[in-house]
Amino acid sequence: MRDVTTAHPLQDLDVQPTPLALLLLGRDADPRSERGVECPGDLPSPSDPDLVARARAAKEKLGEKVFVLGHHYQRDEVIQFADVTGDSFKLARDAAARPEAEYIVFCGVHFMAESADILTTDDQKVVLPDLAAGCSMADMATAEQVAECWDVLTEAGVAEQVVPVSYMNSSADIKAFTGRHGGTICTSSNAERALEWAFEQGEPSAAKVLFLPDQHLGRNTAVRDMGMSLEDCVLYNPHKPNGGLTAEELRNAKMILWRGHCSVHGRFSVDSVNDVRERIPGVNVLVHPECKHEVVAAADYVGSTEYIIKALEAAPAGSKWAIGTELNLVRRLANRFAPEGKEIVFLDKTVCFCSTMNRIDLPHLVWTLESLAEGKQVNRIVVDPETEKYAKLALERMLALP
């Protein structure tokens, strides 16, 4: 058993609500936001016993005109209707590979649907069953905040040395900013290669990366995978003047991390790791790189959603696993591999679903499919041409990475 201690997880958070956090879901909208929250039409009752049959009938009526994508973190009641499942980038690419589908129904969150719209043809219509299905991490970096950050970097005299690298879990506006400034997008699977590419774009001794919006993936990749030190990383806080950093700190840094995080993965703690090791002797702890650095350091294995699935597929019968990622996926994997004698548990004792992913439920999916089957276009996600141009450029740089 490992005995790893850490600071109290709530200290020094300096949490301040953004304007987006003050919006009432389903009651208001901000045109500058990553998402809208209007949901016109009457949803079927969640207690309707015919929901499954209605979804199946509407999907059958639509035939090849519809292609349903299901993110790994979706509810089982929704994932059963997905034509393909996967992480955000895999699903966006799957959508682009189906040009014959008129409607792409994305059971995920808003930034994922945006990426699908960017990568699909103009004739295809990307639909999000509930427009309030956003992403707290993506909302932690707005276009205005990032533009102000770039001004701070310019005033500090380092902007010319900085290459932005943005996580897929970001809005189209942030992806477009990245494209305009010569940067690339990354996933949790290829973040190391994306950072290597970014550092190759400038003088090795002076090159810097602005990593958006997840500080933990950026820090874990830089320190754990690339051998940098924690001192090479500084944290830019958009709620503080100049990001809470001095010009000297910016000049000395290699990694300028945006102060964002995943609300689900950020819940896991070293106490969770220590506790599960005490409760389940011989357990393997496998966590997502969006977890805090100390949690990643205490784990046995670290990897993306796809990595987690493949690791459990390859695991020997009788092995024990504690997984630090979203609960819908962990529960689904536990059920899938139980017949093989693999014991799979959620890393934390506290139940924690991704609240915005869970907004896509069966009533919303039924309403969407039935509306489309009746010829009514609903909840279409459209990225404007200028934003799409530069966001696609950043995505294409990622696709070109070896």
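Provided above is the structure to which this section pertains.
Being a predicted model, the structure only gives us computed values, none of them experimental.

Caption draft 1: Broad picture of the pattern of salt bridges. All chains considered together, the criterion is met by 18 salt bridges. The residue Asp76 makes a salt bridge to Arg332 at a minimum N-O spacing of 2.8 Å. Taken together, the positions of Asp76 in helix H2 (residues 76-79) and Arg332 in helix H14 (residues 327-337) put the pair 256 residues apart, joining distant regions of the chain. For Asp76, a relative accessible area of 37% puts it in the partly exposed group.

Caption draft 2: Here's a closer look at the sheet that holds strand E13 (residues 343-346). Taken in spatial order, the four strands of this open sheet run E11-E10-E12-E13, and their pairing is parallel. The outermost strands of the open sheet, each flanked by one partner alone, are strand E11 (301-302) and E13. As paired elements, strand E10 (residues 284-287) and E11 share two bridges and run parallel to each other. Each residue of the ladder has a partner; that of Leu286, found in E11, is Tyr301. This element, H14, spans strand E12 (320-324) and E13 of the sheet and lies at about 165° to E13.

Caption draft 3: Looking closely at the sheet that holds strand E4 (residues 125-127). Read from one edge of the open sheet, four strands run E2-E1-E3-E4, paired in parallel fashion. Every interior strand has two partners, whereas the edge strands, strand E2 (84-86) and E4, have only one. Going across the sheet, the axis of each strand differs from the next one's by a mean of 25°, ignoring polarity. The strands that helix H3 (residues 88-96) touches are strand E1 (66-71), E2 and strand E3 (103-107); relative to E1, the one it contacts most, it runs at about 170°.

Caption draft 4: Fine view of the side chain of Thr184. Positionally, Thr184 belongs in strand E6 (residues 184-186). With near-sequence residues (within four places) excluded, Thr184 lies in contact with Pro164, Val165, Ser166, Thr178, Ala194, Trp197, Ala394, Arg397 and Met398.

Caption draft 5: Just the pairing of E1, in detail. Taken across its six residues, E1 has six buried, putting it largely inside the fold. Burial along E1 is two-sided: the residues Val66, Val68 and Gly70 and Phe67, Leu69 and His71 are all buried. For E1 and E3, the ladder comprises five bridges, and the chain directions are parallel. Of the residues in E3, the one forming a bridge with Phe67 is Ile104. Bridge count for E1 against E2 is three bridges, and the pairing is parallel. Note that in E2 the partner of His71 across the bridge is Gly86.

Caption draft 6: Summary view of the packing of H3 against helix H4 (residues 110-119). At their nearest, the axes of H3 and H4 sit 8 Å apart, and the two run at 35° to each other. Between H3 and H4 the crossing geometry is right-handed. Across the interface between the two elements, Ser88, Phe89, Ala92, Ala95 and Ala96 from H3 touch Phe111, Met112, Ser115, Ala116 and Leu119 from H4. Grouping the constituent residues of the contact of H3 with H4 by class yields eight nonpolar, two polar and no charged.

Caption draft 7: Spatial organisation of H3. Buried within H3 are the following residues: Ser88, Phe89, Leu91, Ala92, Asp94 and Ala95. Its buried side turned inward, H3 meets E1, E2, E3, H4 and helix H16 (385-399). For H3, the capping residue at the N-terminal end is Asp87, with a side-chain oxygen 2.9 Å from the backbone nitrogen of Lys90.

Caption draft 8: Representation of unusual backbone geometry within the structure. In this chain, Leu212 is followed by Pro213 through a cis amide linkage whose omega measures -20°. Although it is not a glycine, Asn242 sits at a positive phi angle of roughly 60°. On the secondary structure map, Asn242 appears in the loop between strand E8 (233-236) and helix H10 (247-252). Look at Asn379: it is not a glycine, yet its phi comes out positive at around 50°. Secondary-structure assignment places Asn379 in the loop between helix H15 (362-373) and H16.

The rules behind these values
- Sequence positions are assigned chain by chain, starting from 1 and proceeding in written order.
- Thresholds applied to this predicted model are a pLDDT of at least 70 for local features of residues and 80 or more for the giving and counting of side-chain atom pairs; totals over whole chains, interfaces and linings are not thresholded and use all residues.
- As a rule here, side-chain values cover all heavy atoms of the structure and leave hydrogens and water aside.
- Any carboxyl oxygen of Asp or Glu that lies within 4 Å of a side-chain nitrogen of Lys or Arg is treated as forming a salt bridge with it.
- Comment: elements are numbered from the N terminus, with helices defined as DSSP H or I runs of at least four residues and strands as E runs of at least two.
- For each residue, the accessible area found with a 1.4 Å probe, counting protein chains only, is set against the maximum for its type, and the residue is called buried under 20%, exposed over 50%, and partly exposed in between.
- The pairing criterion is simple: DSSP has to find at least two bridges between the two strands.
- The contact criterion used throughout is that any non-hydrogen atoms of two residues lie within 4.5 Å.
- To obtain each axis, a line is fitted to C-alpha atoms, and for helices this fit is confined to the stretch in contact; angles are then taken between N-to-C directions over 0 to 180 degrees.
- Note: crossing handedness is left-handed where the near helix turns anticlockwise from the far helix by less than a right angle, and right-handed where it turns clockwise.
- Under the scheme applied, nonpolar residues are Ala, Val, Leu, Ile, Met, Phe, Trp, Tyr, Cys and Pro; charged residues are Asp, Glu, Lys and Arg; polar residues are all the others, including Gly.
- What qualifies as a polar contact is a pair of N or O atoms within 3.5 Å, subject to a donor-acceptor requirement within protein and to the restriction that residues adjacent in sequence count only when both atoms come from side chains.

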